[in-house]
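Geometric and topological summary
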Amino acid sequence: MITTYLIYMCLGACAGLLAGLLGIGGGLVIVPMLNIAFELQQFPVQHLQHVALATSMATMIFTSTSSMRAHHKRKTINYNIFWKLTPGIIIGTYLGAWVASVLSTHFLRAFFGFFLYYVGTQMLLNIKPKASRALPGTAGTFAAGSGIGIFSALAGIGGGTLTVPFLTWCNQSMLTAIATAAAVGLPIALAGTAGYVINGWNVAGIPGPHIGYVYIPALLGIIVVSVLTAPLGAKLAHTLPVAKLKKIFAVLLFIVGTRMLWTTFM
């Protein structure tokens, strides 16, 4: 058991460092790493991706809280947009977790693999939407929040990859978009974790100790260390060539995405 916790602590160290250094959501790192760790532990294939997504969501409750607090102190969060997005985010994320619970691991792995291709392409080409319109009305914002929530739950991410481009497109400054997306990550994490816990509560065969689909050793190991290494990554971002590192990381995402698709279809 000690070895198991050490493995996840190392995973958390890498996730926190990369999240702080490159400004990416921890889920992009945690989910594929958990896949590899769970395969080595010979987790049941039918539950592997569900547990990875659920555990990633649970870790983000802690990282999102920390990130939201930091942005709140700097007064960069647009709370008007946050509260408009939150209802759709909560419903969409919970719905996404429910949908994920009835989908197969093979489908979820393929979905995540293609999502990594999407994020890798964005990072490699530095694609940013042009600010072209105002925030939509209540119905439009609710729909946008729901869509972000559904995709976030299916990919086990905090939604920043989707929320930042949406808010930038809606004429929000990059600083405001990043800060507000960080805040939105908290309701995503809470609703997603609740969805995966409730829908995995009576599922047989999930390796323990667990709560629903959330695997406790991975959760504890990751959150204990990632909160320490994320500030180190942010500090290194001021001294290392982040633009070049993002391109390298984008290539890594393509490799990891290809691996997930290969193990799914071959």
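This structure is a prediction, so every number in the text was calculated from the model and none was measured.

**Topic: helix α7 (residues 160-169)**
By the criterion of burial, α7 is predominantly enclosed, with eight of the 10 residues buried. Restricting attention to buried positions, one finds in α7 the residues Thr161, Leu162, Thr163, Val164, Pro165, Phe166, Leu167 and Thr168. Looking at the packing, one finds that the buried side of α7 touches α2 (27-40), α4 (79-102), α5 (105-125), α6 (138-155) and α8 (174-199). After α7 finishes, the residue Asn171 shows a positive phi value of roughly 70°.

**Describing the environment of Val99**
Mapped onto the fold, Val99 is located in helix α4. Once the C-alpha coordinates of Val99 and Leu154 are considered, the two residues, 55 residues apart in sequence, prove to be 8.0 Å apart.

**Considering the nonpolar core**
One finds Tyr8, Leu34, Phe38 and Tyr196 to be the most contacted residues of the largest nonpolar core, which totals 68 residues. At 10 residues, α8 tops the list of elements feeding residues into this core. Once you skip the residues sitting within four places of it in the chain, Tyr8 turns out to touch Leu34, Ala37, Phe38, Gln41, Tyr215, Pro217, Ala218, Gly221 and Ile222.

**Comments concerning the pattern of salt bridges**
Within the structure shown, the criterion is met by two salt bridges. The shortest N-O distance in the salt bridge between Arg109 and Glu39 comes to 3.1 Å. Pair noted here: Arg109 is in helix α5 and Glu39 is in helix α2, with a separation of 70 residues, a long-range link. Classification of Arg109 by relative accessible area gives buried; the value is 6%. In this structure, Arg259 and Glu39 form a salt bridge, with 2.7 Å as the shortest nitrogen-oxygen distance. Of the two residues, Arg259 sits in helix α10 (residues 242-265) while Glu39 sits in helix α2, which places them 220 residues apart along the sequence.

**Thoughts on unusual backbone geometry**
At Gln42, a residue that is not glycine, the phi angle is positive and equals roughly 60°. Relative to the elements of secondary structure, Gln42 occurs in the loop between α2 and α3 (45-73). A relative accessible area of 69% means that Gln42 is categorised as exposed.

About the criteria used
Residues numbered from 1 in each chain as written. Predicted model: local features only at pLDDT ≥ 70, side-chain atom pairs only at ≥ 80, totals over all residues. Heavy atoms only, no water. Buried < 20%, exposed > 50% of the residue type's maximum accessible area, 1.4 Å probe, protein only. Helix = DSSP H or I, 4+ residues; strand = E, 2+ residues; numbered from the N terminus. Contact = heavy atoms within 4.5 Å. Core = buried A, V, L, I, M, F, W, Y, C linked by side-chain atoms within 4.5 Å. Salt bridge = Lys/Arg side-chain N within 4 Å of Asp/Glu carboxyl O.

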